[in-house]
Amino acid sequence: MNASQSSPPFSEAALQQVERIFQRYPADRRQSAVMPLLHLAQKEFGGWLSQESMDYVAALVGIAPIRVYEVATFYTMYNLKPVGKYHVQVCTNISCWLCDSDAIAKTLQNKLRLSFGESSGDGRFTLTEVECLGACVNAPMLQINDDYYENLTPESVAKIIDQLP
Amino acid sequence: MTKIVFKNIHRENSHTLAVYRANGGYQTLEKALSMPGDDIIDEVKRSGIRGRGGAGFPAGLKWSFIPKDDRAKYLVCNADEGEPGTCKDRDIIRYDPHLLIEGMIIAGHAVKAERGYIYIRGEFVREAEVLQAAVEEAYAAGLLGGSVMGRGVRFDLAVHRGAGAYVCGEETGLLESLEGKKGQPRLKPPFPANIGLYGGPTVVNNVETLASVPDIIANGGAWYAKLGVEKSSGTKLFSVSGHVNKPGNFEVELGIPLKVLLEEYAGGVRGGWERLKGVIPGGSSSPILPKAVCDTVTMDYDAIGRAGSMLGSGAVIVIDQSVCIVRAIARLSRFYRHESCGQCSPCREGTGWLSQMMTRMEQGKGVPGDIELLQSVADNIQGKTICALGDAAALPVVGAIRAFREEFEYHITHGRCMVA
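Reading guide: rules and limits
- Residues numbered from 1 in each chain as written.
- Chains lettered and ligands numbered in written order.
- Predicted model: local features only at pLDDT ≥ 70, side-chain atom pairs only at ≥ 80, totals over all residues.
- Heavy atoms only, no water.
- Helix = DSSP H or I, 4+ residues; strand = E, 2+ residues; numbered from the N terminus.
- Rg over C-alpha atoms; globule rule 2.2 N^0.38 Å.
- Contact = heavy atoms within 4.5 Å.
- Areas by Shrake-Rupley, 256 points an atom, 1.4 Å probe, with all protein chains shown as cover.
- Lys, Arg positive; Asp, Glu negative; His and termini not counted.
- Charge placed at Lys NZ, Arg CZ, Asp CG, Glu CD.
- Buried < 20%, exposed > 50% of the residue type's maximum accessible area, 1.4 Å probe, protein only.
- Phe/Tyr/Trp six-rings, centres within 6.5 Å; stacked < 30°, edge-to-face > 60°.
- Lys NZ or Arg CZ within 6 Å of the ring centre and 35° of its normal.
- Buried area = accessible area lost by both parts, 1.4 Å probe.
- Salt bridge = Lys/Arg side-chain N within 4 Å of Asp/Glu carboxyl O.
- 1 Å grid on protein atoms, 1.4 Å probe; cavity = no way out; pocket = protein on both sides within 12 Å on 5 of 7 lines; lining within 4 Å.
- Points joined across faces, edges and corners; volume = space filled by probe spheres on them.
- Nonpolar A, V, L, I, M, F, W, Y, C, P; charged D, E, K, R; others polar.
- Core = buried A, V, L, I, M, F, W, Y, C linked by side-chain atoms within 4.5 Å.
- Domains from an automatic or database assignment.
- Pairing = 2+ DSSP bridges.
- Right-handed = clockwise from strand over helix to strand, strands pointing away.
- Expected span 1.5 Å × (residues − 1).
- Arc of directions from axis to C-beta.
- Axes fitted to C-alpha atoms, helices over the stretch in contact; angles between N-to-C directions.

A. Structural detail: the overall build of chain B. Helix and strand content of chain B: 17 helices and 13 strands. For a compact globule of 420 residues, the expected C-alpha radius of gyration is about 22 Å, and chain B comes in at 22 Å, within 12% of that figure. Judged by the C-alpha coordinates and their principal axes, chain B covers about 70 × 45 × 35 Å. By sequence separation, contacts in chain B at least 24 residues apart represent 69% of the contacts at least 6 residues apart. A total accessible area of about 14700 Å² is found for chain B, and carbon and sulfur atoms account for 51% of it. Averaged over its 48 positive side-chain charges, chain B has a centre that lies 2 Å from the centre of its 48 negative ones.

B. Region of the structure containing the overall build of chain A. Counting its regular elements, chain A contains seven helices and five strands. Oriented by its inertia axes, the alpha-carbon framework of chain A measures out at about 50 × 30 × 25 Å. Across the 165 residues that make up chain A, the buried fraction comes to 53%. Within chain A, contacts between residues separated by at least 24 positions form 59% of all contacts whose residues are at least 6 apart in sequence. In the form shown here, chain A has an accessible surface area of approximately 7600 Å², with 49% of it arising from carbon and sulfur atoms. The centroid of the 13 positive side-chain charges in chain A is displaced by 2 Å from the centroid of its 18 negative side-chain charges.

C. Here's a closer look at the packing of aromatic side chains. Throughout the structure, instances matching the rule amount to 16 aromatic pairs over all chains. Here the aromatic rings of Phe45(A) and Tyr56(A) are separated by 6.4 Å at their centres, their planes lie at 70°, and the arrangement is edge-to-face. Placement of Phe45(A) in the loop between helix 2 (34–44) and helix 3 (51–61) and of Tyr56(A) in helix 3 is noted, with a sequence separation of 11 residues between them. There is no split in this pair, since Phe45(A) and Tyr56(A) are both buried. Through a chain of ring-to-ring contacts, three or more aromatic side chains come together here, namely Phe10(A), Phe45(A) and Tyr56(A). Its end group placed over the ring of Phe238(B), Lys236(B) keeps NZ or CZ at 6.0 Å from the ring centre.

D. Spatial organisation of the interface of chain A and chain B. With 41 residues of chain A at the interface, the matching set in chain B holds 57 residues. Summed over both partners, the interface of chain A with chain B buries about 4000 Å², with 56% contributed by carbon and sulfur atoms. For the chain A face of the interface with chain B, the top three residues by lost area are Phe74(A), Leu98(A) and Val137(A), together amounting to 16%. In this structure, the connection of chain A to chain B is made through five salt bridges.

E. Summary view of empty space enclosed by the protein. Considering all chains together, one arrives at two cavities of 30 Å³ or more under this definition. Reported here for the largest cavity is a volume of approximately 70 Å³. Cys341(B), Cys344(B), Cys347(B), Cys387(B) and Leu389(B) are the residues nearest the centre of the largest cavity, which is lined by 13 residues in total. Split by residue class, the lining of the largest cavity holds eight nonpolar, five polar and no charged. Taken as a whole, the second largest cavity spans an internal volume of roughly 40 Å³. Lining the second largest cavity, in full, are Cys91(A), Asn93(A), Ile94(A), Ser95(A), Cys96(A), Cys132(A), Leu133(A), Gly134(A), Ala135(A), Cys136(A) and Met141(A). At three residues, the largest contribution of residues to the lining of the second largest cavity is made by helix 5 (residues 94–98) of chain A. The class makeup of the residues in the lining of the second largest cavity is eight nonpolar, three polar and no charged.

F. Quick look at the nonpolar core. Core analysis: the largest hydrophobic core is formed by 84 residues, its most contacted members being Phe10(A), Leu37(A), Leu38(A), Tyr75(A), Leu374(B) and Phe408(B). Considering every element that reaches this core, the biggest residue donor is helix 17 (residues 389–414) of chain B, with nine residues. With residues up to four places along the chain from it excluded, the contact list for Tyr75(A) reads Met35(A), Tyr119(B), Ala163(B), Gly164(B), Ala165(B), Cys168(B), Ser177(B), Lys181(B), Lys182(B) and Gly183(B). Counting 66 residues, the second-largest nonpolar core is a separate cluster that includes Val130(A), Trp63(B), Ala79(B) and Leu99(B).

G. The domain arrangement of chain A, seen in detail. Here the domain parsing of chain A yields domain 1 (12–74) and domain 2 (86–163). For domain 1 of chain A versus domain 2 of chain A, the separation of C-alpha centres amounts to 29 Å.

H. Geometry of the pairing of strand 2 (residues 115–120) of chain B. Residues and elements named next belong to chain B. Burial of strand 2 is extensive: five of the six residues sit out of reach of the surface. Of the strand pairs in this sheet, strand 1 (residues 74–79) and strand 2 are connected by six bridges, and their pairing is parallel. Across the sheet, residue Cys77 finds its bridge partner in strand 2, namely Ile118. Of the pairings in the sheet, the one linking strand 2 to strand 3 (residues 156–161) comprises six bridges and is parallel in character. Residue Gly116 lies in a different strand from strand 3, and its bridge partner there is Leu157. Note on the crossover from strand 2 through helix 7 (residues 125–140) to strand 3: the handedness is right-handed.

I. Geometry of helix 6 (residues 101–112) of chain A. Residues and elements named next belong to chain A. In this model, helix 6 (12 residues) spans 16 Å end to end at C-alpha, consistent with the 16 Å of a helix rising 1.5 Å per residue. Within helix 6, burial applies to Ser101, Ile104, Ala105, Thr107, Leu108 and Leu112. The arc that holds every buried residue of helix 6, seen down its axis, measures 160°, which confines them to one face. Every exposed residue of helix 6 that faces more than 90 degrees away from the buried side is listed here: Lys106 and Asn110. In this structure, the buried side of helix 6 is in contact with strand 1 (86–91), helix 5, strand 3 (125–130), strand 4 (142–144) and helix 7 (154–162).

J. The sheet that holds strand 13 (residues 315–320) of chain B, seen in detail. Residues and elements named next belong to chain B. Strand order across the open sheet formed by five strands is 8-7-13-10-11, with mixed pairing between neighbours. The open sheet has two edge strands, strand 8 (248–253) and strand 11 (289–290), and neither has a second partner. Sheet topology note: the strand 7 (residues 235–242)/strand 13 ladder contains four bridges and is parallel. For Ser241, the partnering residue across the bridge sits in strand 13 and is Ile317.

K. Quick look at the pairing of strand 8 of chain B. All names here are of chain B. Here strand 8 lies mainly inside the structure; five of its six residues are buried. One ladder, built from six bridges, connects strand 7 with strand 8; its direction is antiparallel. Note on strand 8: the bridge partner recorded for Phe238 is Phe250. Counting the residues that bridge the hairpin from strand 7 to strand 8 gives five residues.

L. Summary view of the sheet that holds strand 1 of chain A. All names here are of chain A. Strands sit in the order 2-3-1-4-5 across an open sheet of five strands; the sheet is mixed. Looking along the sheet, the strands with just one partner apiece sit at the ends: strand 2 (118–119) and strand 5 (147–149). Taken together, the two bridges between strand 2 and strand 3 define a ladder with antiparallel strand orientation. Bridge pairing in strand 3 links Glu118 to Leu127. Packing against the sheet, helix 7 makes contact with strand 1, strand 3, strand 4 and strand 5, and its axis sits at approximately 5° to strand 4.

Here's what the structure looks like:
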């Protein structure tokens, strides 16, 4: 994989993915590609979406930039400001809360010295409180970037953080 | 007990085409391709299977609503799985994706849809990867594409990832999202069966519903209808979470006593049955059932309905006596406030009111009259919004006041919780 760039345009490899994404939808329904393209842009451009990135996606699809802003601001997974190298998202919804996600949250806040919504000064961590991620029978759980970590204890959470490369 | 959607998940590499085929996979598709579409729809009707996503609408009836005109038709699988407590579809997707794909091709053939989409929640990145790999395997094996199994039937299938919006689990919000827009639900009618994705007739079904289709067609609708109980036929996945010793996803026949599900499958309530306070039986939107009801209620659509709640998605959230109900409901109210799409004023404003008032009460700052005000806010949301999210926000509050009113009153009178 190419080293990720911080701004448009996409790398060659990403542009090939763009073609595959458009093929999933009828030729006259290119707007359907907005969400997958925003996911791709976020991955390519350092984990978040600048206005420049959103404008680039709008140009690829061939729609007004406002149509892309609407989508990017509606869905929580699109980060509209930079996030750390590790985006740690802790579920505190009902099933996790019943299984003491409060202790998981507290462990992380102390260990990372961050409150929910904050990023560390060195750009390594962002800590976020998140709504149900759909792994309720393995509560409590959290997500770091693309991976779930389940059946957590305060001890296992501390270890997971320590072992991140 | 009969296993339908979880019949393969114990096998090693159950997610691969080779293992799926070695155990009879895609044989039903071959049978289905030689059946007229209407016969498939009749079998599904005969099975009595009701939508497993939450609404419980009869699936065969839904399919039969697709008009027989020459517009392009679509089949959409709802894999958004966002109802708190629910994580059953995830296991089908990651352990048996070909079962879902086979069910979708059969359903597509039945309603004459040549294009299908699986809308999977965005956070399920690894699950989407498994699904994508399975779709690619199916294309390479000629099971998807211009001529399924060489029989001249076209079915194209693609995976579309969401990006973190609960409201996209609502079928018209999902369709908006799939069209590349904000996931704001549409007014119904028109229903998706007439005007759905890209304006075409569209069937939207949950993962578990579609994954049940191959066995229904293989064994016949009458066979399926014998499983479970009257008006709640078949097996159902229950995601049992919270205060049980062995939480998990269990496939059982509908009509199983809740107590048996918890005691015999989920390892029993933490600390014993007598420690049970209540159960949220069908995902966070369904009103809580107090222990006295849990002692005897059975898990089927009608029985849970008569008990004043909903079977919903089958997410069984078990709550023991250590829990403050006011606090639990305050947490849920915060969720619905976060997830309201903002389109309808009663929901946008009402979910904010519910959350603020529940939080205030939880913090011991409630005042006399708050319970009545909560009820009035809930009344002003319910039935007054485009989609069911408003009802979903109101019902847990109303249900908790009904079942545990004394805890709300105690919070107001004493400024703190009854539970130590």
